[in-house]
Every structure is written in structure tokens, then in C-alpha cells.
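The chain contents come next:
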Amino acid sequence: VAFYIYDSSTQVVNISGGTYTIGQNLKIAAAYKLNDVVLYVNGVQIGTDTSAAIPATTSMRLGVYPALPTTELYMSNNVNQTLLFTTRLTNAQLAELTTI
């Protein structure tokens with residue numbers, strides 16, 4: 001599982017980790033604001049970035065690896081629900097939302 005943020009073609013955030021199997025149910029949450037980026041999977045904090053300059057967001061893509069944008073990834077056809085919050089949730093809220 002990976003969470004990337006790009007400013008044009010420059011990667012400014014790269015948080016990834018964990019070992020998962022194809023078909024395994026995952027609850028994933030990523031949150032960001034200036035110098036405060038985090039990734040949670042199944043209630044566990046995977047990583048943080050405390051020095052991220054966040055660009056103006058123009059798009060969000062799920063299940064796409066930026067280096068291979070036309071390659072279908074496992075997540076692409078298996079998303080059951082997505083939620084977008086306009087404010088940065090707390091880490092405790094992210095852990096609660098992703099706990100299985």
C-alpha cells in the first residue's frame with residue numbers, strides 16, 4: 001500500500017509499507033496538510049511525513065501508480081467505498097475509521 005503526493009511531476013510524499021495478499025480486505029486512510037501527512041491501513045499507522053510541502057490539489061487517483069498510469073492495479077476494480085473529508089482528521093480518527 002502506498003500514498004504518493006506529486007507537485008506536477010515531482011514526488012513530494014511517498015509513504016508505503018506493509019505486506020498484504022491479493023484479495024485481503026484493507027481499510028486505508030491517508031490524510032494530509034502542510035508538514036503533516038500520514039497513512040493508516042487496518043487501524044495501524046504505516047508512516048508519516050512531517051516535512052511535506054502540499055501542492056494545490058487538482059486531482060486524486062485511486063489504484064493508479066503514477067509511473068504506470070495506464071496499468072491496471074489490483075485495487076482498481078475492488079474499491080467498495082471512498083470518503084473525502086475536507087479537513088485533516090486526527091490520527092485517532094483515522095485509526096478508528098480503518099480498524100477492521
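Summarised in this report is the structure supplied together with it.

Definitions and limits used
- Residue positions are given per chain, counted from 1 along the sequence in the order it is written.
- Only residues with pLDDT of at least 70 are given local features in this predicted model, and only at 80 or more are side-chain atom pairs given and counted; all residues enter the totals for whole chains, interfaces and linings.
- The basis for the side-chain values is all heavy atoms of the structure; hydrogens and waters are excluded.
- Strand pairing is assigned whenever DSSP detects at least two bridges linking the two strands.
- Runs of H or I in DSSP of at least four residues are treated as helices and runs of E of at least two as strands, each being numbered from the N terminus.
- Salt-bridge detection follows one rule: a side-chain nitrogen of Lys or Arg within 4 Å of a carboxyl oxygen of Asp or Glu.

## Concerning the pairing of strand β3 (residues 28-33)
Side-chain direction in a regular strand flips from residue to residue, so the side chains alternate between the two faces of the sheet.
Item 1. Of the strand pairs in this sheet, β3 and strand β4 (residues 36-41) are connected by six bridges, and their pairing is antiparallel. Looking across to β4, one finds that Ile28 is bridged to Val41.
Item 2. Connecting the antiparallel pair β3 and β4 is a turn made up of two residues, with Asn35 showing a positive phi of about 60°.

## A closer look at the pattern of salt bridges
As a working rule, side chains carrying opposite charge can pair if their charged atoms are close by.
Item 1. Tallying each qualifying case throughout the model produces one salt bridge.
Item 2. Here Asp36 makes a salt bridge to Arg88, at a shortest N to O gap of 2.9 Å. Linking Asp36 in strand β4 with Arg88 in the loop between β5 (44-49) and α1 (91-98), this pair joins segments that are 52 residues apart in sequence.

## Quick word on the pairing of strand β1 (residues 2-7)
Item 1. Of the strand pairs in this sheet, β1 and strand β2 (residues 10-16) are connected by six bridges, and their pairing is antiparallel. Counterpart to Tyr4 in the pairing with β2 is Asn14.
Item 2. Between β1 and β2, which follow one another and run antiparallel, lie two residues, and Ser8 among them has a positive phi close to 60°.

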